[in-house]
Amino acid sequence: MSETFKLPPLEIEEYGLANGLRVVLNPDNSIPVVSIAVYYNVGSRNERDDRTGFAHLFEHMMFQGSENVPKAGHFQHIMKAGGTMNGTTSSERTNYYETLPANQLPLALWLESDRMRSLAVTQENLDNQREAVKEEKRLRYDNQPYGQIFDLINEMIYKNFANSHSTIGSMDHLDAATVEDVQEFFRIYYAPNNAVLVLSGAFETSTAKELVETYFGDIESQPLPPELDVTEPAEVAANYKEWEDKLAPFPAFLIGWKIPPRRSPEFYALYLAGKVLYDGDSSRLYQKLVKGEESVIQLFGFTDERRGPSSIFIGAIPKPEKDLSRIRETIMKEIHDLAAHGPTSEEMEKIENQLINDSVRMRQSSMARAQQIAEFALYDGDPELINSELDALLSVTADHIRHAVGKFLNTENRALLDVVPAGKG
Amino acid sequence: MFLNSFASLQLSVFALRRSDMTPELRKNPPAPLAPVSFDIQKPFETKLDNGLRVVIVENERLPLVSYRLAFESGDINDPDGMTGLTSAMTAMLTEGTENYSSLQLAEKIERLGSSVGASASDDFTIVSASALSLYSSEILHLLAEVVLRPTFPESELDLYRRNTIENLKFQRSQPGFLAGEQSARLVYGEHPYSKVSPTAADIEKIDRETLAKFHSGSFVPNNAMFIVVGDVNRDEFIAELNELFGDWQPGVVNKKAFPEPPKRNSRSLTIVDRPGSAQSNIVITNLGVKRVDPDYFPLIVMNQVLGAGASSRIFMNLREEKGYTYGAYTRLESKRLAGDFEATAEVRSSVTGDSLKEFFYELDRIRSEKVGEDELQDAKNFLTGVFPIRAETQEGLTNLIVNQQLYGLPDDYLQTYRDNINAVTVDEVQRVAVKHIRPDEVAIVIVGDAEEVLPQAREYADSVEIFDTEGVEQDEAKYVVGDSGETADVAGKWKLVIDFQGQQLPVSLKLEQDGECVTGVLETMLGNGKIADGKVSGSKLAATALAEMQGQPIEFVITGKVDGDSMSGTLTAPIVPDPLPFTGTRT
């Protein structure tokens, strides 16, 4: 099927400004909208071990105004121009993005460049945002049932502090942050030579280049951030932990495995193994647990893709009175089967079609394209990879999957987090 | 490392350019570029012999196809005494057919990397499928299979009933659901739009035979339209459609006449009591317009100014200026046969009355004064600007076309949408505000602590009724907090201990008192909150401590009973699901 199906490549032009800002243009005039994505090469993995939560704190700070944009001004400007926007922080990077009618490209570049060069890092903004972040930590993690399980499993999988600590950070570190710490963080990480700017959508290339130079050209570059070590031993840091969750109505569990970095052959194979195991109603675990045994309320699985060592999780919330260890046995049995026999040819066909379908759908949205391109530019220095990634995935065979599952999933080298409701541990 | 890879590029075109940026140029937002036109193509329309309408938009942009088979029949067409039947039927379509089991269907659909699903709303039932256009034929076959030949297997139906009943229990713990349940009842009365959910008893009644009979009665081609968007060839598609759906027999379509929603002539207050609730969920609502009403465009522009987003009047007033809430909005719900207007917010309990005051202030203002030209232009800019973004993906475009077709909107509706928005004047905005927002006839619904809410909200309505969360009506007298003896003395410094998830947390309360008014500070580990509007009535203390974090109000609600130098009560905070008990003494 893959021989008969060819996607025309996306048009990609990359270049750099004198100050080191990497720029990638993906013109596409199908719909008169434009998406702008700015990716800064800083994530929680870059944080000092006594200053966790900074990368995420910054995401908040970036909406607090800059020299020429008042507090909350970014959002107001975008809305009044008829656009949408957001930003996110992960272990790997911090990104900011907006989609606007095509003729509003200058507005987006003005807003992004103003905050890149002159973010208002003041004691007042820091105090405000610190409290907002602490509030968010309480609201989304500490006070949600199961809110902490992903942070906990990461601590069990990764030994290297850069990889293991949570993005939201610790209250103590956030409290200890001084305005000088934050200004320094901004100076080092929020520099043009530590960022990628991607434009995707309807624009004239020459106009876009002029505007980018006008708005970003005079921002000074900074010395590169310090080198980062994200190496890991093969073993997970901890095999078992029982966690008492006072807000959880039911018990749950999460199993985590450490796997090789994104874009490695094994990573691709394991990503596809995950699809076979837990993705969709016809997946093995859905059929065995949600249907067959009717033993789970919720089944979930996820591949955490990182530039360094990455991970896969599979978890479940069982129905009341159902036996957790039996559910886990079923999961390991499916993994064992996949390691012994690999996926069936029907499953391979499914994977192939799902990959092509995903790839085609992604192309529709200027924002999806901008984000994907930015990742390849930032992580791999090669935005053209967006045009060859699908082929790389399609070249994974059933045998590759069988082998990778055998080596990395069908093993005792995994972490099991048992979540028990309060008072029942 | 990154700098090196671009070293060579730096020496090309841009090495000699210098940015022409100046501080003056940066000061203000730049002017936009020339606007780019955007046109949505009009569909091709035809009909099969059996009455099935066919709507096709050929679009080769990407090798994808989207199908929607939409029936002009929805939840409101549930037979009497069988609420939930339409929703059950749509959920079960993919759980087994004449030729395939639930698993086989899932495998077939997912093997093509595609999706097939069905859902019901009040007015419509839609079966959708999307796939790579390479598989447009296969997916059409599967769509025909689930629409024409479902079998509603007993074991799958049993699982559906059990899971649905569990969900219903969960629903009644959600204040938003409870508020919606009352609002719908008050606005729509005997009209079936008033039913927001089946009951467990309704679900238990559903059996295979009833589902099958209902399916063959309501799934008829002359009550449906087939909408296709994407990489298809029109003639080939129609030929295939005839092959798969040509034998589908038309049927009798019974269009029920429904009772009209009630006419109101006074303001009512309905409270759903959630004791200890830190917040009041407020809904102020009256009957609005159906989707095809000629006032639709001025109304959506008016709504954008009044309360549709974070720059709107209601939001700026109740959240940004007063700090009563995280979010306050207005909404127009325009369905096929009728619609409603709603103003909503979740506010801290102690400012329920104040919030109502501000809501009515804004509802009166938009009727009595014309909106500013700037405000009008900002609203229009948002609505027209965001339009192409909504149509960017095939899914988005398909949704726009499905709506235009199902509601019977004019042929050029999408093509003239932005012109119609831009044509709205300040006079039109005022006219529709006066006509369709009727503050003297609204229903006020509040889900919150009735004891606290009733005294604050009573004066805003002509009548009041109170329910518990199960929907059982309560006696108003139960909630009237009378003068229970002399006003307690609460001034001074209190050391309290809060039971927080099994931990004992110390907090202190420093209070000053003037008659029944209390001010002061609450000091906790989560921050300090200023108390500006506390009240003592008899031995009861009610106060809200307001802390500010990043311009966002965080409120702690204190409800306490004072006995000499002892106090006990509860503390609520938005970040904590349940009120926290405390005890303490004055030092």
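Residues numbered from 1 in each chain as written. Chains lettered and ligands numbered in written order. Predicted model: local features only at pLDDT ≥ 70, side-chain atom pairs only at ≥ 80, totals over all residues.

**Brief notes about the overall build of chain B**
Inference 1: When you go through chain B residue by residue, the secondary structure sums to 19 helices and 21 strands.
Inference 2: With respect to the principal axes defined by its C-alpha atoms, chain B has extents near 85 × 80 × 55 Å.
Inference 3: For chain B, the proportion of its 587 residues judged to be buried stands at 42%.
Inference 4: Long-range pairs, those at least 24 residues apart, make up 69% of the contacts in chain B between residues at least 6 apart in sequence. (Helix = DSSP H or I, 4+ residues; strand = E, 2+ residues; numbered from the N terminus. Buried ≥ 20, exposed ≤ 12 C-beta atoms within 10 Å, placed from the backbone. Contact = placed C-beta atoms within 7 Å.)

**A look at the overall build of chain A**
Inference 1: From N to C terminus, chain A includes 16 helices and 11 strands.
Inference 2: Over its C-alpha atoms chain A spans a radius of gyration of 23 Å, differing by no more than 12% from the 22 Å that the globule rule assigns to 425 residues.
Inference 3: Taken over the C-alpha atoms alone, chain A extends approximately 60 × 55 × 40 Å along its principal axes.
Inference 4: Taken across its 425 residues, chain A has 51% of its residues classed as buried.
Inference 5: Across chain A, contacts joining residues at least 24 apart in sequence account for 80% of those joining residues at least 6 apart. (Rg over C-alpha atoms; globule rule 2.2 N^0.38 Å.)

**A look at the domain arrangement of chain A**
All names here are of chain A.
Inference 1: Splitting chain A by domain gives domain 1 (13–216) and domain 2 (240–421).
Inference 2: Relative to domain 2, the C-alpha centre of domain 1 lies at a distance of 28 Å.
Inference 3: Residue-level contacts link 32 residues of domain 1 with 29 residues of domain 2.
Inference 4: Taken together, the elements giving at least two residues each to the side of domain 1 that touches domain 2 come down to strand S2 (22–27), strand S3 (33–40), strand S5 (94–101), helix H5 (149–157) and strand S6 (195–201). (Domains from an automatic or database assignment.)

**Digging into the domain arrangement of chain B**
All names here are of chain B.
Inference 1: In terms of domains, chain B is made up of domain 1 (44–245), domain 2 (268–477) and domain 3 (492–586).
Inference 2: With centres defined by C-alpha atoms, the gap from domain 1 to domain 2 works out at 30 Å.
Inference 3: At the junction of the two partners, domain 1 supplies 25 residues and domain 2 supplies 26 residues.
Inference 4: Only strand S2 (53–58), strand S3 (64–71), helix H7 (175–188) and strand S6 (224–230) provide two or more residues apiece to the side of domain 1 that touches domain 2.
Inference 5: Counting residues per element, the side of domain 1 that touches domain 2 draws most heavily on H7, which supplies eight residues.
Inference 6: Its residues placed into classes, the side of domain 1 that touches domain 2 shows 15 nonpolar, six polar and four charged. (Nonpolar A, V, L, I, M, F, W, Y, C, P; charged D, E, K, R; others polar.)

**Section: the nonpolar core**
Inference 1: Of all hydrophobic cores here, the largest spans 105 residues; its most connected members are Ala273(A), Ala70(B) and Leu143(B).
Inference 2: The element best represented in this core is helix H10 (residues 265–278) of chain A, accounting for 10 residues.
Inference 3: In this structure, Val69(A), Leu107(A), Ile373(A) and Ile389(B) belong to the second largest nonpolar core, which totals 71 residues. (Core = buried A, V, L, I, M, F, W, Y, C linked by C-beta atoms within 7 Å.)

**With respect to helix H18 (residues 426–436) of chain B**
All names here are of chain B.
Inference 1: All of the buried residues in H18 are Val429, Val432, Ala433 and His436. Angularly, the buried residues of H18 cover 105° about the axis, an arc narrow enough to put them on a single face. More than 90 degrees from the buried face of H18, the exposed residues found are Asp427 and Val434. (Arc of directions from axis to C-beta.)

**Description of the interface of chain B and chain A**
Inference 1: Between chain B and chain A, the residue contacts involve 63 residues of the former and 66 residues of the latter.
Inference 2: Only helix H1 (2–10), helix H2 (23–27), helix H4 (102–111), helix H14 (373–385), helix H15 (387–390) and strand S19 (552–563) of chain B provide two or more residues apiece to the side of chain B that touches chain A.
Inference 3: Here the element with the most residues in the side of chain B that touches chain A is H1(B); it accounts for six residues.
Inference 4: Looking at side-chain class alone, the side of chain B that touches chain A contains 35 nonpolar, 18 polar and 10 charged residues.

**A closer look at the environment of Thr587(B)**
All names here are of chain B.
Inference 1: Relative to the helices and strands, Thr587 is located in the segment after strand S21 (580–586).
Inference 2: What makes Thr587 exposed here is the crowd of 9 C-beta atoms within 10 Å.
Inference 3: Residues within four places of Thr587 in sequence aside, it is in contact with Lys493 and Lys495.

**Brief notes about the sheet that holds S3(B)**
Residue and element names in this part refer to chain B.
Inference 1: One open sheet holds the six strands; their spatial order is S1-S2-S6-S3-S5-S4, and the pairing between them is mixed. At either margin of the open sheet sits one strand with a lone partner, and together these are strand S1 (44–47) and strand S4 (115–120). Taking each pair of neighbouring strands and ignoring which way they run, the sheet shows an average axis angle of 15°.
Inference 2: The pairing of S2 with S6 spans six bridges and is classified as parallel. When the bridges of S6 are listed, Val57 appears paired with Val229.
Inference 3: Packing against the sheet, helix H3 (residues 85–92) makes contact with S4 and strand S5 (125–132), and its axis sits at approximately 175° to S4. (Pairing = 2+ DSSP bridges. Axes fitted to C-alpha atoms, helices over the stretch in contact; angles between N-to-C directions.)

**Quick notes on the packing of H3(B) against helix H9 (residues 208–218) of chain B**
Residue and element names in this part refer to chain B.
Inference 1: Relative orientation of the contacting elements H3 and H9 amounts to 90°, with a least axis distance of 10 Å. If you check the angle between H3 and H9, you find them roughly perpendicular. Counting all contacts with H3, which are made through Leu85, Ala88, Met89 and Met92, the residues of H9 involved are Thr210, Leu211, Phe214 and His215.
Inference 2: Residue classes in the contact of H3 with H9 are distributed as six nonpolar, two polar and no charged. (Parallel < 35°, antiparallel > 145°, perpendicular 65-115°, else oblique.)

**Re the pairing of strand S1 (residues 13–16) of chain A**
One face of the sheet, then the other: side chains in a regular strand alternate in exactly this way.
All names here are of chain A.
Inference 1: Residue alternation in S1 divides its side chains into a buried set, Glu14 and Gly16, and an unburied set, Glu13 and Tyr15.
Inference 2: As judged from the four bridges shared by S1 and S2, these two strands associate in the antiparallel manner. Within S2, the residue paired with Tyr15 across the bridge is Val23.
Inference 3: Between S1 and S2, which pair antiparallel in sequence order, lie five residues; one of them, Gly20, sits at a positive phi of approximately 95°.

**Thoughts on helix H10 (residues 234–245) of chain B**
Residue and element names in this part refer to chain B.
Inference 1: Between its terminal C-alpha atoms H10 stretches 16 Å, which fits the 16 Å expected from 12 residues at 1.5 Å a residue.
Inference 2: Taken together, the buried positions of H10 are Phe237, Leu241 and Phe245. Looking down the long axis of H10, one finds its buried residues gathered within 40° of arc, a one-sided arrangement. Exposed side chains of H10 directed beyond 90 degrees from the buried face belong to Asp235, Glu236 and Ala239. (Expected span 1.5 Å × (residues − 1).)

**With respect to the sheet that holds S6(A)**
Residues and elements named next belong to chain A.
Inference 1: Spatial strand order, S1-S2-S6-S3-S5-S4: six strands in an open sheet with mixed pairing. Of all strands in the sheet, those with a lone pairing partner are S1 and strand S4 (84–89), marking the two edges. Strand-to-strand twist of the sheet, defined as the mean angle between neighbouring strand axes without regard to direction, takes the value 15°.
Inference 2: Note: S3 against S5, eight bridges, orientation antiparallel. The partner of Val34 across the bridge, within S5, is Leu100.

**Here's the deal with unusual backbone geometry**
Residues and elements named next belong to chain A.
Inference 1: If you check the backbone angles, Arg263 has positive phi at about 65° while not being a glycine.
Inference 2: Structurally, the position occupied by Arg263 is in the loop between strand S8 (252–259) and H10.
Inference 3: Located in the positive-phi region is Glu294, a residue other than glycine, with phi close to 45°.
Inference 4: Looking at the element boundaries, Glu294 is found in the loop between helix H11 (284–292) and strand S9 (296–304).
Inference 5: The exposure class of Glu294 is partly exposed, given the 14 C-beta atoms found within 10 Å.

**As for the packing of helix H11 (residues 296–307) of chain B against H18(B)**
All names here are of chain B.
Inference 1: Running from N to C, H11 and H18 point in directions that differ by 90°, and their axes come no closer than 9 Å. In terms of orientation, H11 lies roughly perpendicular with respect to H18. Where H11 abuts H18, its residues Pro298, Leu299, Val301, Met302 and Val305 lie against Glu428, Val429, Val432, Ala433 and His436.
Inference 2: When its residues are assigned to classes, the contact of H11 with H18 shows eight nonpolar, one polar and one charged.

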